[in-house]
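# Commentary on secondary and tertiary structure
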Amino acid sequence: MIALYDEKQAAVKEAYGMSMPWDLGVLNGAGWRLFNQKDYQAAIQCWELLGREYPHYAEAFYFQAYGLKEMGKAEGVKELIQKAREALKDSNLYTEEEREELIGDLDSFEQGG
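The rules we used
Residues numbered from 1 in each chain as written. Predicted model: local features only at pLDDT ≥ 70, side-chain atom pairs only at ≥ 80, totals over all residues. Heavy atoms only, no water. Helix = DSSP H or I, 4+ residues; strand = E, 2+ residues; numbered from the N terminus. Polar contact = N/O pair within 3.5 Å; in protein donor to acceptor, adjacent residues only side chain to side chain. Contact = heavy atoms within 4.5 Å. Salt bridge = Lys/Arg side-chain N within 4 Å of Asp/Glu carboxyl O. Buried < 20%, exposed > 50% of the residue type's maximum accessible area, 1.4 Å probe, protein only. Expected span 1.5 Å × (residues − 1).

Now for the side chain of Asn28. Tracing the sequence through the fold places Asn28 in helix α2 (residues 24-36). A polar contact of 3.4 Å, which involves the side chain of Asn28, links it to the side chain of Tyr57. Those residues in contact with Asn28 that sit more than four places away from it in its chain are Trp47, Leu50, Tyr57 and Phe63.

Encoded structure:
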């Protein structure tokens, strides 16, 4: 999926002289659709793209960690949660209430919740 995305982005850049990343909602929605179909690896790839294109969207990293957890994989989870915290710190996408809620979600996730 990531290779296909990169290939299509290169074609767009060649044709139009600039990149046009996919919409945040499209990438996030595709990730959740795949997650709900239990295709966790593909969902994680959607969220990887989301984090790459929208680095201040903290949930992109949180959702990747959540996907890894569902797959029973612990490797990389702590790093993704830390990336989510860093993205949240630098982000203007969230209200104070949303920021506090996400911090609580990250804390709960780290504690095994």
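So, about the pattern of salt bridges. If you walk through the whole model with that rule in mind, you get three salt bridges. In this structure, Asp107 and Arg85 form a salt bridge, with 2.6 Å as the shortest nitrogen-oxygen distance. Of this pair, Asp107 sits in helix α6 (residues 96-110) while Arg85 sits in helix α5 (residues 77-90), and the two are 22 residues apart along the sequence. The partly exposed category is assigned to Asp107, whose relative accessible area is 31%. In this structure Arg85 comes out as partly exposed when scored by relative accessible area, which is 22%. With a closest N to O distance of 2.7 Å, Glu110 and Arg85 form a salt bridge. Of this pair, Glu110 sits in helix α6 while Arg85 sits in helix α5; the two residues are 25 residues apart in sequence, bridging distant segments of the chain. Salt bridges here are not isolated pairs; linked through shared partners, they connect Arg85, Asp107 and Glu110.

A few words now on helix α3 (residues 40-53). A rise of 1.5 Å per residue sets the reference length of α3, with its 14 residues, at 20 Å; its end C-alpha atoms lie 20 Å apart and thus fit the reference within 8%. Buried within α3 are the following residues: Tyr40, Ala42, Ala43, Ile44, Cys46, Trp47, Leu49, Leu50 and Gly51.

The backbone of Lys38 shows a phi angle near 65°, a positive value even though the residue is not glycine. With respect to the helices, strands and loops of the structure, Lys38 is situated in the loop between α2 and α3.

Here helix α4 (residues 59-70) spans 16 Å end to end across 12 residues, near enough to the 16 Å set by a 1.5 Å rise per residue. Taking burial as the measure, the 12 residues of α4 include nine buried ones, the bulk of the element. Among all positions of α4, only Glu59, Ala60, Phe61, Tyr62, Phe63, Gln64, Ala65, Gly67 and Leu68 are buried. Those residues of α4 that are buried are in contact with α2, α3, α5 and α6. Two residues or fewer past α4, Gly72 is found with a positive phi of approximately 80°.

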